[in-house]
Structure formats: structure tokens, C-alpha cells
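# A structural walkthrough
Next come the chains, spelled out residue by residue.
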There are 2 protein chains.
Amino acid sequence: MSATTLRELGLHVTPQRLAVLEAVASHQHSTADRVLELVRANIGTISRQAVYDSLSALVDAGILRRIEPAGSPARYETRVGDNHHHVVCRTCGSLADVDCAVGDAPCLTAASDQGFIIDEAEVVYWGTCPQCAGQLQTTA
Amino acid sequence: MSATTLRELGLHVTPQRLAVLEAVASHQHSTADRVLELVRANIGTISRQAVYDSLSALVDAGILRRIEPAGSPARYETRVGDNHHHVVCRTCGSLADVDCAVGDAPCLTAASDQGFIIDEAEVVYWGTCPQCAGQLQTTA
DNA sequence: ATTTCAGACTTGATTTAGTCCAGATTTGGA
DNA sequence: TCCAAATCTGGACTAAATCAAGTCTGAAAT
């Protein structure tokens, strides 16, 4: 499936790209560095540059989504096209998916858009993950 | 007002901090680098580190808000406590304020919160600013 | 007015995340 | 098969921010 998908999008099919795709698919929300590790563990060798190039190509092609929460390096995920959002733990930085609260286009219409033509509304929820919340209680 | 505010919050009142505060107040959405320039133009000399220190102290004290849109260095603004959001232009990176679409707490309740304790919902609208939209039309 | 010291500031090195570059290699379609 | 375009490699480089160690200063207490 993956190889075919790449070819249909006019992208050359390379072992590196397939491995990058595989790494993100099996480890959602990975950073570029994590993908580098995963791919090396998988196919033995790949350059950092190739990882960045592959990730950008796949993001541009719409196969991957790049998310960049404040205070964290960019992360990548395969779930695209469904406009879901994310929760970030303030304590440990962990990240989880969250479905849209209101139908499938929450808050997409701003009250006053300042004349901007808006094409996407990105929502990031900030809080504390279950694990960190538990630890806070026990230490308190 | 500013000096008093700082003192009330238990922060030392220093010329650097006052100048940083002034710079952000008069130039909303500035980056740390821009603040550095502005303050130097104003009081003559300040270290980069002092700018970062002051900005963090003021953010921690709740006087400033830090926003970090993807692909941009951190920006600072004085408008705090009203939970407004931002529009970012994909073309030129310019940033504008946007009031909440739905009352004063849009999308704050996620559909499935994954067990996270959510304390803030941050919304970033992406699109094209009036200027860039105009230029695209003329060039097309 | 002086003393005192935690907090603030300075300089300079370091880290992190990511990009740029130039040359070698590989890919897919004619 | 063959070639131009696309991709990969390794290293140098940049931007943004942080760390470290020493010096200075605001403001509370004498």
C-alpha cells in the first residue's frame, strides 16, 4: 500500500521513505530525531538530512502531518484529513489525540477575522496527563 | 503603574524590566530579538540574557503572555487574561489578535480528554492576511 | 545613611533543532 | 538501456534559546 501510495503521488519510492513512513505509522507523534533512531534500527543506516527531507516530502504530499507544540521539537503523525486536535501535558510533555469537540470544524469561524482568509483552525489543549496528575497527588 | 505592578508582584523594579515591559506594550507580538533591539534603542544597553530573563519573569508573573506559533520564534504580548486567540498568515508570518468565537471559552471541553486534566485551550487560525491575499491576486 | 544579600544582570560558551551546500548516487519513464 | 531529475550523504552552518560563573544592585533591615 505505502509504496503504491508514494508512486501515485509522484514521489520516488525509496527504502528510506518507506522506513520513515513505517516509523511514524508505528510510533505516532515521534520527533525527527526519534524517527532517525527508529529507521536506523530498522534498515541500518540513514542520514539525518534524508529523514528531514523524507518527512517534509511526506508532509507536503499530505501523507503525514507535522505538529509543533510550544516547547517541543516538531512531531509527526499519520492520521490526516480528519481535523483532530491534541492535548499536551505541561509536566512531562506527552501528547495525545483529541477528537473535535464541536462536530468536525470547531471554532473555524473567528469572531472577527481581521480580514484574514482563514483555512484552518488548530486547537491545542494544555493540561496534565493522568500519570503526572497521579504523581503530583502522591508527592503532595 | 508598571513599577508599582512589578513591586506588588514581588519582582525587583529594574530599568531593564521596565524597558522590556514598555517595548512589548508598545510593540505587541514582538520576538525576543525585537525586544532586544527596542530596549537598546530606548535605554542604550542590555544583554540578550537579561531580555530572556525579564520576559520569562514577566510571563511567570502573568503580566505578559508568550505565544509560539509553528515556524516562528516566540512572541510576546501584554493582553492577558481574556483568552483571545491569534491568526497567523502562512505567507508572511504576520500575526493578529482574534476574539473568541464562542463566548469566552471556545472548545474548552474536548470530546474525549484521554484522562488529561485540561486547563487551557489554545486556538491558532491559519490563513492569508489581507496584504498577502491582495498580492497573490495581482501576481496571478 | 549604611549594611547586607537574594535576586538580577553581564559575558561567553553551549545546546538544540533544523537548514544549506556541493558532490555522489539512485530512480522512473522515454 | 539511458538520462535528467530526484534523492542521498556528510559536513558546515544558523537561529533561538539556555546554561554557567562571576559581578552588580534594589530594597529590606539596621
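Not measured: the values here are computed from a predicted model. (Residues numbered from 1 in each chain as written. Chains lettered and ligands numbered in written order. Predicted model: local features only at pLDDT ≥ 70, side-chain atom pairs only at ≥ 80, totals over all residues. Heavy atoms only, no water.)

Turning next to the domain arrangement of chain A. All names here are of chain A. Here chain A is described as being made up of domain 1 (2–75) and domain 2 (82–139). Taken together, the contacts link six residues of domain 1 with nine residues of domain 2. Taken together, the two surfaces of domain 1 and domain 2 that pack against each other cover about 640 Å², and 56% of this comes from carbon and sulfur. Scanning the region where domain 1 abuts domain 2 turns up zero salt bridges. Here domain 1 is connected to domain 2 by two residue pairs in polar contact (both at pLDDT 80 or more). For the side of domain 1 that touches domain 2, the per-class residue count stands at three nonpolar, one polar and two charged. (Domains from an automatic or database assignment. Contact = heavy atoms within 4.5 Å. Buried area = accessible area lost by both parts, 1.4 Å probe. Salt bridge = Lys/Arg side-chain N within 4 Å of Asp/Glu carboxyl O. Polar contact = N/O pair within 3.5 Å; in protein donor to acceptor, adjacent residues only side chain to side chain. Nonpolar A, V, L, I, M, F, W, Y, C, P; charged D, E, K, R; others polar.)

One pass over the structure, following the stated rule, counts 10 salt bridges over all chains. One salt bridge connects Asp33(B) with Arg48(B), and the closest N-O pair in it is separated by 2.6 Å. Of this pair, Asp33(B) sits in helix α3 (residues 32–43) while Arg48(B) sits in helix α4 (residues 48–60); the two residues are 15 residues apart in sequence, bridging distant segments of the chain. Exposure remark for Asp33(B): the relative accessible area of 40% places this residue in the partly exposed category. For Arg48(B), a relative accessible area of 42% corresponds to the partly exposed category. Taken together, the shared-partner salt bridges in this structure form one network comprising Arg90(A), Asp119(B) and Glu120(B). (Helix = DSSP H or I, 4+ residues; strand = E, 2+ residues; numbered from the N terminus. Buried < 20%, exposed > 50% of the residue type's maximum accessible area, 1.4 Å probe, protein only.)

Before going further, it helps to spend a moment on the sheet that holds strand β3 (residues 75–77) of chain A. Through backbone hydrogen bonds, the strands of a sheet pair up, either in parallel or in antiparallel fashion. Residues and elements named next belong to chain A. As summarised here, the arrangement of the three strands in space is β1-β3-β2, forming an open sheet in which the pairing is antiparallel. Strands at the two margins of the open sheet, each flanked by one partner only, are β1 (30–31) and β2 (65–67). Bridging between β1 and β3 involves two bridges; their strand directions are antiparallel. Within β3, the residue paired with Ser30 across the bridge is Tyr76. (Pairing = 2+ DSSP bridges.)

Next up on the list: unusual backbone geometry. Residues and elements named next belong to chain A. Its identity is not glycine, yet His29 carries a phi of approximately 70°, on the positive side. Tracing the backbone shows His29 in the loop between α2 (15–26) and β1. Accessibility expressed as a relative area gives 11% for His29, which makes it buried.

What follows is about the protein's contact with DNA strand C. Surveying the vicinity of DNA strand C reveals 16 residues, the closest of which are Gln49(A), Thr14(B), Arg17(B), Ser47(B) and Ala50(B). Within 4 Å of the protein, the atoms of DNA strand C are drawn from sugar and phosphate moieties in a proportion of 74%. Between DNA strand C and Val13(A), the relevant distance is 3.3 Å, taken from a phosphate oxygen to a main-chain nitrogen or oxygen of the residue. In this structure, Gln49(A) approaches DNA strand C through a side-chain N or O atom, which is 2.3 Å from a base nitrogen. Of all the secondary structure elements, the ones that give two or more residues to the surface near DNA strand C are α4 (48–60) of chain A together with α2 (15–26) and α4 of chain B. At three residues, the largest contribution of residues to the surface near DNA strand C is made by α4(B). Its residues assigned to classes, the surface near DNA strand C comprises seven nonpolar, eight polar and one charged. (Near = heavy atom within 4 Å.)

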